[in-house]
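# Fold and contact review
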Amino acid sequence: MSTSHAVTPERVMQLGLGFWASKTLLSAIELGLFTKLANGPLSAAELTTRLNLHQRSAKDFFDTLVSLGMLERESDRYQNTAETAQFLVRTSPSYIGGMLEMANERLYPFWGSLTEALHTGAPQNEAKTGGPGLFENLYSDPNKLRLFLGAMTGLSFGSARAIAEKFPWKDYKTVVDVGGAQGGLLVQVCLAHSHLRGTNFDLPMVGPIFDEYAASHGLSDRLKFQNGNFFKEPLPSADVITMGHILHDWNLDEKRMLIEKAYKALPAGGALIVFESLIDDERRTNSFGLLMSLNMLIETPGGFDYTGKDCMEWMRAAGFRETRVEHLLGPDSMVVGIK
Ligand SMILES: C[S@@+](CC[C@H](N)C(=O)[O-])C[C@H]1O[C@@H](n2cnc3c(N)ncnc32)[C@H](O)[C@@H]1O
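What comes next concerns the included structure. In this text the structure is predicted, and so the values were computed from the model without any measurement.

### Section: the pairing of strand S2 (residues 71–74)
Here 4 bridges tie S2 to strand S3 (residues 77–80), and the two strands are oriented antiparallel to one another. Paired with Arg73 across the strands is Tyr78, a residue of S3. A loop of 2 residues connects S2 with S3, the two strands running antiparallel in sequence, and Ser75 in this loop sits at a positive phi of about 45 degrees.

Given below as structure tokens:
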């Protein structure tokens, strides 16, 4: 009898203990390990001293990262891999560690209460102990705000580049990014298309951090900030309106309301682009999209992720005459609605 299809517990164990590997990477980012290696290899002893690690833990920590493909080792010297050099060195323009810094600081402890969230349907972040909601909390502390906005840039970097490449920007002149955070999307789109002008419509506290980021890319003359609250005010008009990782923060009525506001703010022929890690229509394969939805359970009172089909239905109901879904990168897709 063939044993090639023997059932083994390997996958179950690997997934069940997946947090070991995850937390090892998150601690390495927290410690700035990859940044310390930016200028070249270091010995175990040098790294141990620079990261202020205990002798007992250091070598296992480094070699675990080697075995996970996050470091390389030659004799006793450790160096970044191509991936960690590009994405996890803090001074790199393509640093995506902000999202993982936030995962380490906030999400890791909050996800410890997932079972409770599954029973109660209630958020497990600061709101649980009577604290303010997600955005109120983040925005009351400048360090948390910076960490969160940097995290969003990291999370959206790949999709922002894909949107810059895939959407027919030559047919449009102006774009408003609703809840554009630090400006990750607007910067990539405007760097790629010199005729475009963009506006970030976001809460007032975000303004200075956005302005600084736009200036650091030489785009201050084409990118501006408009502060506002999308629950209280209409959206600014533009040829294209974008919403990245916005709709999943809110409940169904709020999602529909935001799509309707976008419809009103667009001219005939204008486009709404919604992008995030959409759940596949069959709700079977995009684990990242589904896990993101559980993350919204942890972080928000009513937010949830959704499929491309769901979003196209909401767009049609708001009046959009054409809708389509296009894959961007990894788990991310965009839904485009044409008025
Ligand atoms: C999850 S982040 C998404 C950031 C960015 N669009 C991206 O995809 O990386 C949500 C953004 O919505 C903004 N936001 C939250 N509530 C808002 C409101 N009531 N009015 C305007 N912006 C809001 C936040 O400040 C934040 O920048």
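### Points about the side chain of Ser159
With respect to the secondary-structure elements, Ser159 resides in helix H10 (residues 142–166). Every residue in contact with Ser159, bar those within four places of it in the chain, is listed here: Phe275, Leu328, Leu329 and Asp332.

### What to know about the sheet that holds S3
Overall, antiparallel pairing links the 3 strands, which are arranged S1-S3-S2 in an open sheet. The sheet is open, and its two edges are formed by strand S1 (42–43) and S2, each paired on a single side. Pairing of S1 with S3, which is carried by 2 bridges, proceeds in the antiparallel orientation. For Leu42, the partnering residue across the bridge sits in S3 and is Tyr78. Against the sheet, helix H5 (residues 55–67) contacts S2 and S3, and its axis sits at roughly 110 degrees relative to S2.

### Concerning helix H7 (residues 97–111)
Of all the bends in H7, the largest measures some 45 degrees and sits at Ala103. Along H7, the residues that are buried comprise Gly97, Gly98, Met99, Met102, Ala103, Asn104, Arg106, Leu107 and Phe110.

### Section: the packing of aromatic side chains
Across all of its chains, the model carries 13 aromatic pairs by this definition. Their ring planes at 40 degrees and their centres at 5.9 Å tell us that Phe61 and Phe62 sit as a pair that is tilted. With a relative accessible area of 0%, Phe62 lands in the buried category. With centroids separated by 6.1 Å and ring planes inclined at 90 degrees, the aromatic side chains of Phe230 and Trp250 adopt a geometry described as edge-to-face. Here the residue Phe230 occupies a position in the loop between strand S6 (223–227) and strand S7 (240–244), and Trp250 occupies one in the loop between S7 and helix H13 (252–265), the gap between them amounting to 20 residues. Judged on exposure class, the residue Phe230 and its partner Trp250 are both buried. Through a chain of ring-to-ring contacts, three or more aromatic side chains come together here, namely Phe135, Tyr139, Phe148, Phe230, Phe231 and Trp250.

### Section: the packing of helix H2 (residues 18–31) against H5
In the contact formed by H2 and H5, the axes pass within 10 Å of each other and the chain directions differ by 115 degrees. If you check the angle between H2 and H5, you find them roughly perpendicular. Between H2 and H5 lies a crossing of left-handed hand. Contacts between H2 and H5 involve Thr24, Leu25, Ser27, Ala28 and Leu31 on the former and, on the latter, Phe61, Thr64 and Leu65.

What counts as what
Residues numbered from 1 in each chain as written. Predicted model: local features only at pLDDT ≥ 70, side-chain atom pairs only at ≥ 80, totals over all residues. Heavy atoms only, no water. Pairing = 2+ DSSP bridges. Helix = DSSP H or I, 4+ residues; strand = E, 2+ residues; numbered from the N terminus. Contact = heavy atoms within 4.5 Å. Axes fitted to C-alpha atoms, helices over the stretch in contact; angles between N-to-C directions. Bend = angle between axes of the 7 residues up to and from the residue. Buried < 20%, exposed > 50% of the residue type's maximum accessible area, 1.4 Å probe, protein only. Phe/Tyr/Trp six-rings, centres within 6.5 Å; stacked < 30°, edge-to-face > 60°. Parallel < 35°, antiparallel > 145°, perpendicular 65-115°, else oblique. Left-handed = near helix turned anticlockwise from the far one by under 90°.

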